[in-house]
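Single-letter residue listing:
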Amino acid sequence: MAKLLDKIKKAELVGKGGACFPTFSKWQAVKNAKADKKYIVCNCSEGEPDVKKDGYILEHFPEKLIDGINLAVKEIKADKAYIFINEAYYKKYSTKLLGLIVDTKIELFKKPHVGGYIAGEESSLINAIEGSRIEPNRKPPYPSDSGLWGAPTLINNVETFYDVSLINSDAYNKNRFYTVAGDCVWPGVYEFSNDQTIGDILVESKNYPKFDFFVQVGGGASGEVLNSNQLDREVGGSGSITVYSIEKHKPIDVIRNWLNFFMNESCGQCTPCREGTYRLHEIINQNKPNWHMFFAILEDLPETSFCALGISVPVPIISYFKNVLKDNQEFSSIFVENNI
Ligand code: SF4
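All values derive from a computational prediction rather than experimental measurement.

## Looking at the sheet that holds strand β3 (residues 106–110)
Part 1: Strand order across the open sheet formed by four strands is β3-β2-β1-β4, with parallel pairing between neighbours. With partners counted over all chains shown, the strands left at the sheet margins are β3 and β4 (153–157), one partner each. For this sheet, the mean angle separating the axes of adjacent strands, direction not counted, is 20°.
Part 2: Bridge count between strand β1 (residues 39–44) and strand β2 (residues 80–85): six bridges; the pairing is parallel. If you follow N43 over to β2, its bridge partner there is F84.
Part 3: In this fold helix α3 (residues 53–60) packs onto β1, β2 and β4, with an angle of close to 105° to the strand it touches most, β1.
Part 4: Contacts between helix α7 (residues 158–168) and the sheet are confined to β1 and β4, with β4 contributing the most and set at about 95° to the helix.

Below is the structure:
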């Protein structure tokens, strides 16, 4: 009978929190690390708008999640495993989870209220559990070498542990969960194959719009924006598809919403992200936005930000301009003048 790690490798499982890192490599690194103590963290902080799949697994398959974590505890000989869970999910699912983790090495850890979205970043999450200031640390070292209290730590998303449980019982068929949200008839969480295209997911979930639309995929704030002719791609990231009716949403409002998220969730540790998101938000709220300044800040953010939050800010905005607004008369000149 094949060993679990071999099965995970063969299944080509990748993380489902957004980074898509190969699960086998992470597990192998922590397993091979020489240390007196090792830890596991199941990341259930899910805080990006329109991403709901972790909550869906907690609702429908908590036993499989706990099974996956217990398998990891056994495989890497961990001293303890934490489920790092956001407040809303804690409120809803902690009673059920506490019943399932009796006599295991698993403990629930409620994400601190002040943690915000950034507490879900791996190194911030470690700081949160250790009781330190909740902000990302420079990597390396990676958590697999030096995580919780300096010990090798395996951090995976809820869906990854769920998948491991399926892999162990030979029930994994390379499916994943997708959150479909926004201007659609049947918003919700759907299960389709890993490589299903965005268009097929919308059709098969009966959510393909009958109006002009664009989508944001992979993350509800950090995801790329695509027009309706670009749907022959996989979703990636944390598996979300948000549908936007072109008629219903004014471009400035759409951009302002993303910037609200980034500005409010910036942990403030580094100046480019803290100041940059604030200034972008300020510019977009002007009567006559200074687009030259706006795009100059956007260009600088990926080069100067410390973590993925600051680096991601231009992703939705630039792709929105390139894939959707270039045909919009009001914005086409901005597009040309700023060489987007
Ligand atoms: S990029 Fe933003 S969220 Fe990330 S460390 Fe800097 S201030 Fe914090």
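On we go.
## Points about the nonpolar core
Part 1: Counting 40 residues, the largest nonpolar core has I8, W27, I40, I69, I83 and F161 as its most contacted members.
Part 2: At seven residues, helix α4 (residues 62–76) tops the list of elements feeding residues into this core.
Part 3: Ranked by size, the runner-up nonpolar core spans 35 residues in total, among them V225, C270, F321 and F331.

## Some words on the packing of aromatic side chains
Part 1: Tallied over the full model, the rule gives 26 aromatic pairs.
Part 2: Between Y89 and Y93, the aromatic rings sit 6.0 Å apart at their centres with planes inclined by 55°, giving tilted as the arrangement. Of the two residues, Y89 and Y93 both sit in helix α5 (residues 87–100), four residues apart, roughly one turn of that helix.
Part 3: By relative accessible area, Y89 is classed as buried at 12%.
Part 4: Geometrically, the ring pair formed by W291 and F331 is edge-to-face, given 6.2 Å between the ring centres and 75° between the ring planes. With a gap of 40 residues between them, W291 in helix α11 (residues 291–304) and F331 in helix α14 (residues 329–337) connect regions that are remote in the sequence. In this pair, the class of W291 matches that of F331, namely buried.

## A word on the environment of S222
Part 1: If you trace the backbone, S222 turns up in the loop between β7 (213–217) and β8 (224–227).
Part 2: Judged by relative accessible area, which is 22%, S222 ranks as partly exposed.
Part 3: Here the alpha-carbon distance between S222 and F261, two residues 39 residues apart in the chain, equals 9.5 Å.
Part 4: Leaving out residues up to four positions away in the same chain, S222 has contacts with E48, Q216, F262, S312, V315 and P316.

Parameters and conventions
Residues numbered from 1 in each chain as written. Predicted model: local features only at pLDDT ≥ 70, side-chain atom pairs only at ≥ 80, totals over all residues. Heavy atoms only, no water. Pairing = 2+ DSSP bridges. Helix = DSSP H or I, 4+ residues; strand = E, 2+ residues; numbered from the N terminus. Axes fitted to C-alpha atoms, helices over the stretch in contact; angles between N-to-C directions. Contact = heavy atoms within 4.5 Å. Core = buried A, V, L, I, M, F, W, Y, C linked by side-chain atoms within 4.5 Å. Buried < 20%, exposed > 50% of the residue type's maximum accessible area, 1.4 Å probe, protein only. Phe/Tyr/Trp six-rings, centres within 6.5 Å; stacked < 30°, edge-to-face > 60°.

In short, the description is geometric, and any link to function would need to be established separately.
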